[in-house]
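The residues making up each chain are set out below.
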Amino acid sequence: GICISIIMLAAVFRLLLSFKSFLENHQVDFDSNQQYTLHVKRYQRTRSACEGATQDTVVVSRNVKRDREWQMTVDGPRAAIDAVIIGVLHLLMGPLITMNTGYYLSILFGIVLGNLAVRRY
């Protein structure tokens, strides 16, 4: 029973790492795909860059390669996920320091199962 719970805990650890990576990639993609409108007054007629824009509006996208400012909606969940990951690591450290080979193999097997479940995502 203990080995099964250790396997599940190690799989949850791997799932949490993948979830954190997914959230970070999603936030980077969101930040890099933001569009800004630039109002330009020209004497010649230009095509509008998007629907609903006037002839004097150009939509540009900007890749941001600088540090983002602190936001509670982004950094709060990131900190919570880090706290849960550290908690799971401490729970996995207990069986690991007992020097029990079965517990050690259970941790490895759980990480492999978690990796197989979410690696492609």
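Positions within a chain are numbered from 1, following the residues in the order the chain's sequence is written. At least 70 in pLDDT is required for a residue's local features to be given in this predicted model, at least 80 for side-chain atom pairs to be given and counted, and no such filter applies to totals for whole chains, interfaces and linings, which use all residues. Side-chain metrics rest on all non-hydrogen atoms present in the structure, leaving aside hydrogens and water.

In the nomenclature of an unreviewed UniProt entry, the chain is known as Copper transport protein of Hyaloscypha variabilis. Turning to the chain, the UniProt annotation filed under Sequence similarities (unreviewed entry) states: "Belongs to the copper transporter (Ctr) (TC 1.A.56) family. SLC31A subfamily." UniProt positions are given in the numbering used here, feature names are shortened, and annotations may be inferred rather than shown by experiment.

Trainee: When you look at the overall build of the chain in this model, what are you seeing that I'm missing?
Mentor: Across its full length, the chain holds 3 helices and 2 strands. Starting at the N terminus, helices and strands are each numbered in turn, a helix being any DSSP run of H or I of at least four residues and a strand any DSSP run of E of at least two. When the helices and strands of the chain are read in sequence order from the N terminus, they spell out α-β-β-α-α. Each residue gets one of three labels from its accessible area relative to the maximum for its type: buried under 20%, exposed over 50%, partly exposed in between, using a 1.4 Å probe on protein chains only. Relative to its full complement of 121 residues, the chain shows a buried share of 21%. Throughout, a residue-residue contact means that at least one pair of heavy atoms, one from each residue, lies within 4.5 Å. Restricting the contact set of the chain to residue pairs at least 6 apart, pairs at least 24 apart contribute 72%.

Trainee: Sorry, what's going on with helix α3 (residues 101-118) here?
Mentor: Because an α-helix packs 3.6 residues into every turn, residues spaced three or four apart end up facing the same way. A helix is expected to reach a length of 1.5 Å times the quantity of its residues less one. Its 18 residues give α3 an end-to-end C-alpha distance of 26 Å, which sits within 8% of 26 Å, the value for a rise of 1.5 Å per residue. Those residues of α3 that fall on the buried side of the exposure criterion are Tyr103, Ser106, Ile107, Gly110, Gly114 and Val118. Within α3, the buried residues cover an arc of 100° as seen down the axis, which keeps them to one side. Set apart from the buried face of α3 by more than 90 degrees, the exposed residues are Thr101 and Leu116. Polar contacts, as counted here, are pairs of nitrogen or oxygen atoms within 3.5 Å of one another; within protein the pair requires one atom able to donate a hydrogen and one able to accept it, and residues that are adjacent in sequence qualify only if both atoms are side-chain atoms. Residue Asn100 occupies the N-cap position of α3, its side-chain oxygen lying 3.0 Å from the main-chain nitrogen of Gly102. Note that the arc is computed from the directions linking the helix axis to the C-beta atoms.

Trainee: Is there a simple way to think about the UniProt feature "transmembrane region" (unreviewed entry) in the chain in this case?
Mentor: UniProt's feature table lists "transmembrane region" (unreviewed entry) at residues 101-118, given in the numbering used throughout. Secondary structure content for residues 101-118 is 100% helix and 0% strand, while the C-alpha to C-alpha distance between its ends is 26 Å.

Trainee: Quick question: what am I supposed to make of the confidence of the model for the chain here?
Mentor: Close inspection of predicted coordinates is inappropriate in any region flagged by low pLDDT. Each residue carries a pLDDT value, the predictor's own confidence for that position, ranging from 0 to 100. Mean pLDDT over the chain works out to 76, with 65% of the residues at or above the 70 mark. Least confident of the elements in the chain is strand β1 (residues 35-39), whose mean pLDDT is 53; most confident is α3, at 91. Counted against residues more than four places away or in other chains, residues 42-49, with its pLDDT under 50, gives 7 contacts.

Trainee: I'm lost on the environment of Ile107 in this one. Help?
Mentor: Among the structural elements, Ile107 can be located in helix α3. Residues Ile107 and Ile7, spaced 100 residues apart in sequence, show a C-alpha to C-alpha distance of 5.5 Å. Among residues more than four places away in sequence, those in contact with Ile107 are Ile6, Ala10, Leu92 and Leu96.

Trainee: Would you mind showing me how to read the pattern of salt bridges here?
Mentor: Two side chains carrying opposite charge are able to pair once their charged atoms lie near each other. Every case where a carboxyl oxygen of Asp or Glu lies within 4 Å of a side-chain nitrogen of Lys or Arg is listed as a salt bridge. Enumeration according to the criterion identifies 1 salt bridge in this entry. Lys20 serves as the salt-bridge partner of Asp82, at 2.7 Å between the closest nitrogen and oxygen. A residue pair is termed long-range when its members are at least 10 positions apart, and Asp82 in helix α2 (residues 72-96) and Lys20 in helix α1 (residues 2-32) qualify at 62 residues.

Trainee: Quick question: what am I supposed to make of the nonpolar core here?
Mentor: Generally speaking, soluble globular proteins have nonpolar side chains that are buried together. Formed by Ile6, Ala10, Phe13, Leu16, Ile81, Ile85, Val88, Leu92, Tyr103 and Ile107, the largest nonpolar core amounts to 10 residues. Mapped onto this core, the elements with two or more residues apiece are α1, α2 and α3. When near neighbours in sequence (up to four residues on either side) are disregarded, Tyr103 contacts Ile2, Cys3, Ile6, Pro95 and Thr98. Residues belong to a common nonpolar core when they are buried Ala, Val, Leu, Ile, Met, Phe, Trp, Tyr or Cys residues joined through side-chain atoms within 4.5 Å.

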